Amino acid sequence: MNIKELYRRFRAWQINPFSYENHSDHTERCANCGTEFQANFCPVCGQKSGVGPIGWNTVRQGLMVIWGMDSRSLGFSIAQLLLRPGYLISDYISGKRQVSFPPVKMLLIVAIGMVMANAFVSEPQDLIEEANEVSKSSFDAFSEWADKNPGWAMMTLCCMMLLPTWLMFRFAPKHRKHTLPEGFFIQVFMATLLTIIGIITMLTDYLGVLWLLLLYYIVAYRQLFGYSWWGTLWRMCVCLWMVFATIYNLQELGNYLLDLKVDSQKTLLFVGGMTIFIVLIGVLFEYRNSNRNKMVP
């Protein structure tokens, strides 16, 4: 089998990795409600077919369910997130909820894993002198916080990507007019993915892995929204610019409110950046309204 054939099979698996078949070829009697049926699960109470006496296999399953290793395996969902991120998110927001481990619960478990990894690799640091604390700018404080709390920093980035994603990918070929609640789950999946990459970076101490953050965002958004590579790339760049412009403006506002020394050039950049940011938001809303009007028959 050549590489081209392997890639073709991998692409087919990415698009549709699931096969729903009835593995019960005889009539079952539900041990829970007594209903007779011929399927994998009872149509009345939902209990799985083939439930027998409690044995060591039942003990194993009971222990595995704590860590998400039951029917919707946490490990398999993470594998999907790494190998087909956009397709997995698309399946979930389209209504195929059984394809994935519950996303918020998955993010919580992965976040706990990052805390454990951070505690394992972290080293004690010297105390910072009080004089330096006084002169510290909001940018320095934010950078220090992000360095000490990479998991929260990634989640913050994903939260700030919610509105830019909704604006820039509102009229995509796939998932046209996706809603903000759908966008919330999109960013939950992306936060989980970025946290996993963060854990890999911590354990390997290789910062080159951080390039995967941007790459995964582009790949996931292309699979999810259906734009071309170029269409996805420039929209992603605008989204990131909006996020970083917002972060910078908030930092400058923090410097002003805390009466810290503000460079005049930075202040000018702050005012100009805020102006461009507001203008861009207005242009995007006009673009959204014009496309909406064109779609009206």
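Scroll up to find the structure.
The structure reproduced in this document is the subject of the present report. Just so it is clear, the structure is predicted and the values come from calculations on it, not from any experiment. (Residues numbered from 1 in each chain as written. Predicted model: local features only at pLDDT ≥ 70, side-chain atom pairs only at ≥ 80, totals over all residues. Heavy atoms only, no water.)

**Considering the overall build of the chain**
A tally of helices and strands in the chain yields 13 helices and two strands. Considering the chain as a whole, with its 297 residues, one finds that 35% of them fall into the buried category. Surface summary for the chain: the accessible area is close to 18,800 Å², and the carbon and sulfur share equals 65%. (Helix = DSSP H or I, 4+ residues; strand = E, 2+ residues; numbered from the N terminus. Buried < 20%, exposed > 50% of the residue type's maximum accessible area, 1.4 Å probe, protein only. Areas by Shrake-Rupley, 256 points an atom, 1.4 Å probe, with all protein chains shown as cover.)

**Here's the deal with helix α3 (residues 74-83)**
Buried within α3 are the following residues: L74, S77, Q80 and L81. Considered in projection along α3, the buried side chains sweep an arc of 120° and stay on one side of the axis. (Arc of directions from axis to C-beta.)

**Some remarks on the packing of aromatic side chains**
Evaluation of the coordinates by the stated rule reveals nine aromatic pairs. On the numbers, 5.0 Å between centres and 85° between planes, the contact of F169 with Y221 is edge-to-face. With F169 in the loop between α9 (162-168) and α10 (180-204) and Y221 in helix α11 (residues 211-225), the pair connects residues that are 52 residues apart, well separated along the chain. With a relative accessible area of 0%, F169 lands in the buried category. Each residue in the set F169, Y217, Y221, F225 and Y227 is aromatic and connected to the rest through ring pairs, giving one cluster. Lying over the aromatic face of Y227, R235 brings its terminal NZ or CZ to 3.7 Å of the ring centre. (Phe/Tyr/Trp six-rings, centres within 6.5 Å; stacked < 30°, edge-to-face > 60°. Lys NZ or Arg CZ within 6 Å of the ring centre and 35° of its normal.)

**Examining the pattern of salt bridges**
Counted by the stated rule, this structure contains four salt bridges. Where R84 meets D91, a salt bridge forms, and the shortest distance between an N and an O atom there is 2.9 Å. Neither residue differs from the other here; R84 and D91 are each classed as buried. (Salt bridge = Lys/Arg side-chain N within 4 Å of Asp/Glu carboxyl O.)

**Concerning the nonpolar core**
Counting 50 residues, the largest nonpolar core has M161, I186, M190, Y217, Y221 and F225 as its most contacted members. Elements that contribute at least two residues to this core include exactly α3, α4 (85-93), α5 (103-121), α8 (150-160), α9, α10, α11 and α12 (229-257). Per-element accounting of this core gives the leading share, eleven residues, to α10. Look past the residues within four positions of Y217 in its chain and what remains in contact with it is C158, M161, Q187, M190, L194 and M236. (Core = buried A, V, L, I, M, F, W, Y, C linked by side-chain atoms within 4.5 Å. Contact = heavy atoms within 4.5 Å.)

**Some thoughts on the side chain of T195**
Structurally, T195 can be placed in helix α10. One polar contact links the side chain of T195 to the main-chain carbonyl oxygen of A191, over a distance of 2.6 Å. In this structure, T195 is in contact with L107, V110, A111, M114 and M154, ignoring residues within four places of it in sequence. (Polar contact = N/O pair within 3.5 Å; in protein donor to acceptor, adjacent residues only side chain to side chain.)

**Observations concerning unusual backbone geometry**
Look at H175: it is not a glycine, yet its phi comes out positive at around 55°. Looking at the secondary structure, you find H175 in the loop between α9 and α10. Non-glycine residue K177 carries a positive phi angle of around 60°. By the secondary structure assignment, K177 is in the loop between α9 and α10.

**Re α4**
Extensive coverage of α4 is indicated by the burial of nine of its nine residues. Positive backbone phi, approximately 115°, marks G95, located one or two places after α4.

**Side note on the side chain of R84**
Along the chain, R84 turns up in the loop between α3 and α4. Exposure remark for R84: the relative accessible area of 0% places this residue in the buried category. At 2.9 Å, the side chain of R84 and the side chain of D91 are in polar contact. Not counting residues up to four positions away in its chain, the partners in contact with R84 are W13, Q14, I15, P17, F18, D91 and Q223.

**Considerations on the environment of R222**
Relative to the assigned elements, R222 resides in helix α11. Of the residues examined, R222 reaches a relative accessible area of 31% and is grouped as partly exposed. As a C-alpha pair, R222 and K174 span 48 residues in sequence and 9.6 Å in three-dimensional space. Apart from the residues lying within four places of it in its own chain, the contact partners of R222 are Y227, S228, W229 and T232.

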